[in-house]
Amino acid sequence: MLSALIWIPFIAAVLIGFGPRSLDSRQYRSISTIVSSILLVLTIAIAVQFDPSQPGMQFTEFVPWVDWLGLNYQLGLDGLSLPLLFLNSLLTVIAIASSSPTLDRPRFYYALILLLNVGVTGAFLAQDLLLFFLFYELEIIPLYFLIAIWGGQRRGYAATKFLIYTAVSGILILIAFLGVVWVAGTESFDYEQLRSAAIPLKTQLPLLIVLLIGFGIKVPFFPFHTWLPDAHVEASTPVSMLLAGVLLKLGTYGLLRFGIGLFLEAWAYLAPWLAIWAAVSALYGASCAIAQQDMKKVVAYSSIAHMAFVLLAAAATTRLSLLAAVCQMVSHGLISALLFFLVGIVYKKAKTRDVNQLRGLLNPERGLPWIGSLMILGAMASAGIPGMVGFIAEFLIFRSSFPLFPIPTLLCMVGTGLTAVYFLLMINKVFFGRLSDAVTDLPPVRWGDRIPAIVLSLFIIVLGIVPNWMSRWSEPQIASLVTDYGRPHVSVNERVSMTRD
Amino acid sequence: MNDFFLQTFWFVPFYGLIGAALTLPWSSGTIRRTGPRPGAYINLLMTFLAFVHGTVAFWQSWGQPTHQLVFHWFQAADLDLSLTVELSPVSLGAMELVTGICLLAQIYGLGYLEKDWALARFYGLMGFFEAALSGIAISDSLFLSYALLEMMTLSTYLLVGFWYAQPLVVKAAKDAFLTKRVGDLILLMGIVALSSYGAGLDFSELETWVETAPISTWTATWIGLALIAGPTGKCAQFPLNLWLDEAMEGPNPAGIIRNSVVVSMGAYVLIKLEPIFTLSPIASTVLIAIGSVTAVGASLMAIAQIDIKRALSHSTSAYLGLVFVAVGLGHVDIAFLLLFAHAIGKALMFMSIGSIILTTSNQNITEMGGLWSRMPATTTAFVVGGASLVAFLPMGIFWTMQRWMSGSWEISGGLLALLMLVNALTALNFTRVFRLVFLGDPHPKTRRTPEVAWPMAVPMVALTVVAVLVPAVPIRWSLWLSPIAPLENADLPLIRVAMPLLVLSGVVGCTIGAKLQLRRFWARPSDRTQRFFQDLLAYDFYIERVYELTVVWLVVTSSKLTSWFDRYVVDGAVNFVGLATLFSGQALKYNVSGQSQFYVLTILAGAGVLVLVAMGWLFGLQW
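Reading the values: the criteria
Residues numbered from 1 in each chain as written. Chains lettered and ligands numbered in written order. Predicted model: local features only at pLDDT ≥ 70, side-chain atom pairs only at ≥ 80, totals over all residues. Helix = DSSP H or I, 4+ residues; strand = E, 2+ residues; numbered from the N terminus. Buried ≥ 20, exposed ≤ 12 C-beta atoms within 10 Å, placed from the backbone. Rg over C-alpha atoms; globule rule 2.2 N^0.38 Å. Axes fitted to C-alpha atoms, helices over the stretch in contact; angles between N-to-C directions. Parallel < 35°, antiparallel > 145°, perpendicular 65-115°, else oblique. Left-handed = near helix turned anticlockwise from the far one by under 90°. Contact = placed C-beta atoms within 7 Å. Pairing = 2+ DSSP bridges. Expected span 1.5 Å × (residues − 1). Bend = angle between axes of the 7 residues up to and from the residue. Core = buried A, V, L, I, M, F, W, Y, C linked by C-beta atoms within 7 Å. pLDDT = per-residue confidence, 0-100. Nonpolar A, V, L, I, M, F, W, Y, C, P; charged D, E, K, R; others polar.

### A few points about the overall build of chain B
And then number 1: Summing up its helical and strand segments, chain B has 26 helices and 2 strands in all.
And then number 2: Per-residue burial over chain B gives 54% buried out of 623 residues.

Here is the structure:
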């Protein structure tokens, strides 16, 4: 079942990549949309069969692969991967459906997007450390080309920067993985087996630090973040949506799955520092966002700020905080995808993203009233206004981390407050006021441009009103990350006393 | 069947929400053929239904025991977030007030915004607003109240920004949102902390939790201060008071609601939180200090205003300041009565000035005059509204004050002095505005001023009648909210002279207002001292400048600094490392396509070095 999620897009990518030249871009888009919709349906089918009350991995698959290396094709699904898997499938459909119908080299483009999907899905499902690494690296290549070929003016610079950063990230992760296998002395890279290995704290620490930097580049956290704004600015809209919506989650997923999963003691040891790191990253991202003049950069820096909250929640490592981390990943995935999509529409229609040139786009006759209204919605969701998914995710994070790290939590809350500042400044400049003379005669927005945004908005609102639909998949299982395998169960109270000591 | 409306009272907020959703086809411009009016009518109908439903439920709730309905909204791990609503005469009464004023304001809006093309959008927002307001009225959960307060913040932003093409409106909307958001965020911090210290977030749970609160006084103080911050923003109290004044750029029907019930809802939450402030004397003191400073400061600012809306909106802050003082002293019932009397009186005054603004297309009171004979209903509304806000004639506030001074509570000399001062200043201000607008000779802009049409006149007259009936509430109010048992010491000397003194202060205020030399066509005084004080008050004690020089400056500068640091230090270092690794900056910056082997080589080399370093480190640790 899980393999289908990996191999269907892979085969489709190959077929599309070598498909006939006679089909035009629009037809390839339809084909890819169908393929990705099948994947979405399949994901939903898996989610329906998924039993949240049952602990451990489900739908496990195991095929021996490279015996002497200890690499096995080993897949599984639990409450941590499922929401992210769904997010990935959903955003892939939306990204493909919202791609430009008049694209150069459509076969290559859609093949790459599907390959990207393969890599991300595989990484979320892999239960073998080396297999995870392979998928993690696999996802870099299509993304590099997607930025470097269909990007903006400085796409070469951005793509190379992205490539170097992510490659370094991959290498660090590989080092940590090799190290843990070597220290634990296991035969294979099997995740479960490695979790049960007892590694002394002193050895865990350097491995965890390497892993933290590796995934920290991917998320990204300050000071490893500079690739992200460049990549976002140069990437085309669908790629930006995928990058912010899904790919950054690979980093936080890795932190939760491997950082906490393999090095729990070291994690608990470093947790206070991680919380401070999260606060610094959140405030830094927010401060930078305020000063940006490019709409896409504002959203990109806001991504940095909001992903830092995941680290704060992960640092607290309680049942509630881990659930909060998952909720925040889903919430940020939906909200940032929506914002990038809307900015993309503005750019497409007005030909600029400069907040100083745009004005009054909410104008009902000659502006973009729908896009503007949805932008307000997205900004409010991002700022954590209740009734939308951002609020409950952030509330859970703050609520769960406050008893352990009060000061970093309060600083992160200030970061949330700044979200309202930079988005409001942007909306006020771009959408309010009189329509600027520089950008009159905007081409009309078609329903095709609105529907993806409306779908995302509906998800944001519905999950905000009924957050149980988001948390029910993860809540019973997420605790196993901290409790299983004879490791000491770290409860909130113990952690409070630990941090006080 | 009898109980049906009572049992489903929680549904009342949903009427507004449904109304808002149903107007979408018109507000989004999907249906253009019919014009925007159907959207407005749908919303009016829904608000009417909400009002009727609420009235029946309110009627039936008398004599019923207070009870809570709990809806478990979100449960995870050890957290149970429940949305609780309370069925009691007080909560239903507050809801009744909200839906009633919303209904009147919406009917009023039909006339006021008759020719506005975005009528449907306005009504959609009003429906949303009404839903949040009536939700807070019946909410018994701090969490739910917080969520609804945020919804209010959002709808304030959208309503103030309704005419978003005007620059002043844009600024006002932004300021309103951000100011309230600052308060809300600190409130959220308080909520998170409360919840973390094991308190349930229901108000009734909080009350019992306070008795056995396991927290130190300092923690209680911090939490108390955080909880005060939210209402401070919502009720436009110092130092978060300027947004209300700026928000007057928005359409007036929303201003009616904002100055009566919206600000009240912030104080309503504050009243419900009162038990927590008993934990910390500092928090109570701060509450009283904020309230007093705002009450006096805003009353003074109001006197120097020449914009008719601003002259009244500052007085809203002042009255809410009195409510803060009452809550800080623990006189919860009085706080509630003050809110009630103020809400009705202020709504009426805003309806009246709305009529004036629409008819004269002017907001500057120095350019008005002689309206009384031309607009009788409007004049009556202004007089009744003003009289019911000043302790002078036996109307709303008079009877509320009478209740306060009846000996049930301890009254200090300071409190009485504060009340007298505010009362006198308010009376002065209202008299001044009344003279400028309604008396004297007609001015060019007020010469052709017919009375407003029925959609505006009917709600105005109806509310005038209600305002006359308001005294019944403070007179008949049984003291069921205050945690402390009422005293019975009506023979204290201070109590005996309190009411006469208050009335006297009203008389003095009115007299000064009546004798004051009025300046038509706004000339600044030539005397330097006088000019200084007038400017000081007219420009709101330059609080905005203070904001600009402190908070705004801090945020802007730090964001610029961070951005510079990001660009030149962090990214610069990265690029420098990039140069070092690639041996040449040219390769990184300009030569991308042709050099991929070069990159691979570099990455492999880098990886090798890193692996070696890491291995060495590991080995070093091992041995």
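The structure having been displayed, the exposition proceeds.
### Quick word on the overall build of chain A
And then number 1: Counting secondary structure elements, chain A contains 21 helices and 2 strands.
And then number 2: Expected size for 501 residues packed as a compact globule is a radius of gyration near 23 Å; at 22 Å, chain A falls within 12% of this value.
And then number 3: Dimensions of chain A, computed from the C-alpha atoms along their principal axes, are close to 65 × 55 × 40 Å.
And then number 4: Relative to its 501 residues, chain A shows a buried fraction of 64%.

### Side note on the packing of helix 2 (residues 12-22) of chain B against helix 6 (residues 119-138) of chain B
Residues and elements named next belong to chain B.
And then number 1: Between helix 2 and helix 6, the least distance of the axes is 7 Å, while the angle of their chain directions is 165 degrees. The orientation of helix 2 with respect to helix 6, classified from their angle, is roughly antiparallel. Between helix 2 and helix 6 lies a crossing whose hand is left-handed. Each of Val12, Pro13, Phe14, Gly16, Leu17, Gly19 and Ala20 in helix 2 lies in contact with helix 6, whose residues at this interface are Gly124, Gly127, Phe128, Glu130, Ala131, Ser134 and Gly135.

### Let's talk about the pairing of strand 2 (residues 79-87) of chain B
All names here are of chain B.
And then number 1: Here strand 2 lies mainly inside the structure; 7 of its 9 residues are buried.
And then number 2: The pairing of strand 1 (residues 67-76) with strand 2 spans 9 bridges and is antiparallel. Note that in strand 2 the partner of glutamine 75 across the bridge is aspartate 80.
And then number 3: Taking the residues that link successive antiparallel strands as the turn, the strand 1-strand 2 hairpin has 2 residues, and the phi of alanine 77 there is positive, at about 45 degrees.

### Some words on helix 22 (residues 493-515) of chain B
Residue and element names in this part refer to chain B.
And then number 1: Taking 1.5 Å of rise per residue, 23 residues should cover 33 Å, and helix 22 covers 33 Å from first to last C-alpha, within 8% of that figure.
And then number 2: Along helix 22, the sharpest change in direction is near 30 degrees and occurs at methionine 499; proline proline 500 comes one to four residues later.
And then number 3: Taken residue by residue, helix 22 has Ile495, Ala498, Leu502, Val503, Ser505, Gly506, Gly509, Cys510 and Gly513 as its buried positions.
And then number 4: Residues of helix 22 that are buried make contact with helix 18 (396-404) and helix 19 (413-438).

### Points about the interface of chain A and chain B
And then number 1: At the junction of the two partners, chain A supplies 53 residues and chain B supplies 53 residues.
And then number 2: When residues of the side of chain A that touches chain B are assigned to their parent elements, the largest contribution, 10 residues, is made by helix 6 (residues 155-184) of chain A.

### Comments concerning the nonpolar core
And then number 1: If you look at the biggest cluster of nonpolar residues, it comprises 416 residues, and the most contacted ones within it are Ala278 and Leu342 of chain A together with Val323 and Ala335 of chain B.
And then number 2: Not counting residues up to four positions away in its chain, the partners in contact with valine 323 of chain B are Ala267, Ala335, Leu338 and Leu339 of chain B.

### Points about the environment of leucine 404 of chain A
And then number 1: Within the secondary structure, leucine 404 of chain A sits in the loop between helix 15 (389-401) and helix 16 (406-430).
And then number 2: Placed 86 residues apart in sequence, leucine 404 of chain A and threonine 318 of chain A show a C-alpha to C-alpha distance of 9.8 Å.

### What to know about the confidence of the model for chain A
And then number 1: Per-residue confidence for chain A gives a mean pLDDT of 87, with 96% of residues at or over 70.
And then number 2: The low-confidence segment residues 495-501 of chain A, where pLDDT is below 50, has 7 contacts with residues more than four positions distant or belonging to other chains.

### What about the packing of helix 13 (residues 319-350) of chain A against helix 15 of chain A?
All names here are of chain A.
And then number 1: Where helix 13 meets helix 15, the axes come as close as 8 Å, and the angle between the chain directions of the two elements is 150 degrees. Classed by the angle they form, the pair helix 13 and helix 15 counts as roughly antiparallel. Judged by the sense of rotation from one axis to the other, the crossing of helix 13 with helix 15 is left-handed. Each of Leu320, Ser321, Leu323, Ala324, Cys327, Gln328, Ser331, Leu334 and Ile335 in helix 13 lies in contact with helix 15, whose residues at this interface are Val389, Gly390, Ile392, Ala393, Glu394, Leu396, Ile397, Ser400 and Ser401.
And then number 2: Here the contact of helix 13 with helix 15 is composed, by residue class, of 11 nonpolar, 6 polar and 1 charged.

### As for the confidence of the model for chain B
All names here are of chain B.
And then number 1: Averaged over every residue, the pLDDT of chain B is 84; residues scoring 70 or more account for 89%.
And then number 2: Model confidence for chain B, summarised as mean pLDDT per element, is weakest for helix 25 (residues 585-589) at 46 and strongest for helix 14 (residues 281-303) at 92.
And then number 3: Throughout residues 583-591 the model reports pLDDT below 50, and contacts reaching past four residues in sequence, or to other chains, amount to 11 contacts.

### Here we look at unusual backbone geometry
And then number 1: Following valine 219 of chain A, the chain continues into proline 220 of chain A via a peptide bond in cis, with omega recorded as -5 degrees.
And then number 2: Within the fold, proline 220 of chain A resides in the loop between helix 8 (201-218) and helix 9 (227-234).
And then number 3: For the bond from phenylalanine 222 of chain A to proline 223 of chain A, the omega torsion is 0 degrees, close enough to zero to count as cis.
And then number 4: Note that proline 223 of chain A resides in the loop between helix 8 and helix 9.
And then number 5: Even without being glycine, aspartate 540 of chain B reaches a positive phi, approximately 55 degrees.
And then number 6: One can find aspartate 540 of chain B in the loop between helix 23 (528-538) and helix 24 (543-582).

### Notes on the pairing of strand 2 (residues 71-77) of chain A
The two faces of the sheet receive side chains in turn, since in a regular strand these alternate between them.
All names here are of chain A.
And then number 1: Bridging between strand 1 (residues 58-66) and strand 2 involves 6 bridges; their strand directions are antiparallel. For glutamate 61, the partnering residue across the bridge sits in strand 2 and is leucine 75.
And then number 2: Hairpin connection of strand 1 to strand 2: 4 residues between the antiparallel strands, including glycine 70 at a positive phi of 80 degrees.

### Side note on helix 4 (residues 106-125) of chain A
And then number 1: Its 20 residues give helix 4 of chain A an end-to-end C-alpha distance of 28 Å, which sits within 8% of 28 Å, the value for a rise of 1.5 Å per residue.
And then number 2: Of all 20 residues in helix 4 of chain A, 19 are buried, a share of seventy percent or more.

### Considerations on the environment of threonine 208 of chain B
And then number 1: Note that threonine 208 of chain B resides in helix 9 (residues 203-211).
And then number 2: Threonine 208 of chain B sits in the partly exposed class, given 13 other C-beta atoms within 10 Å.

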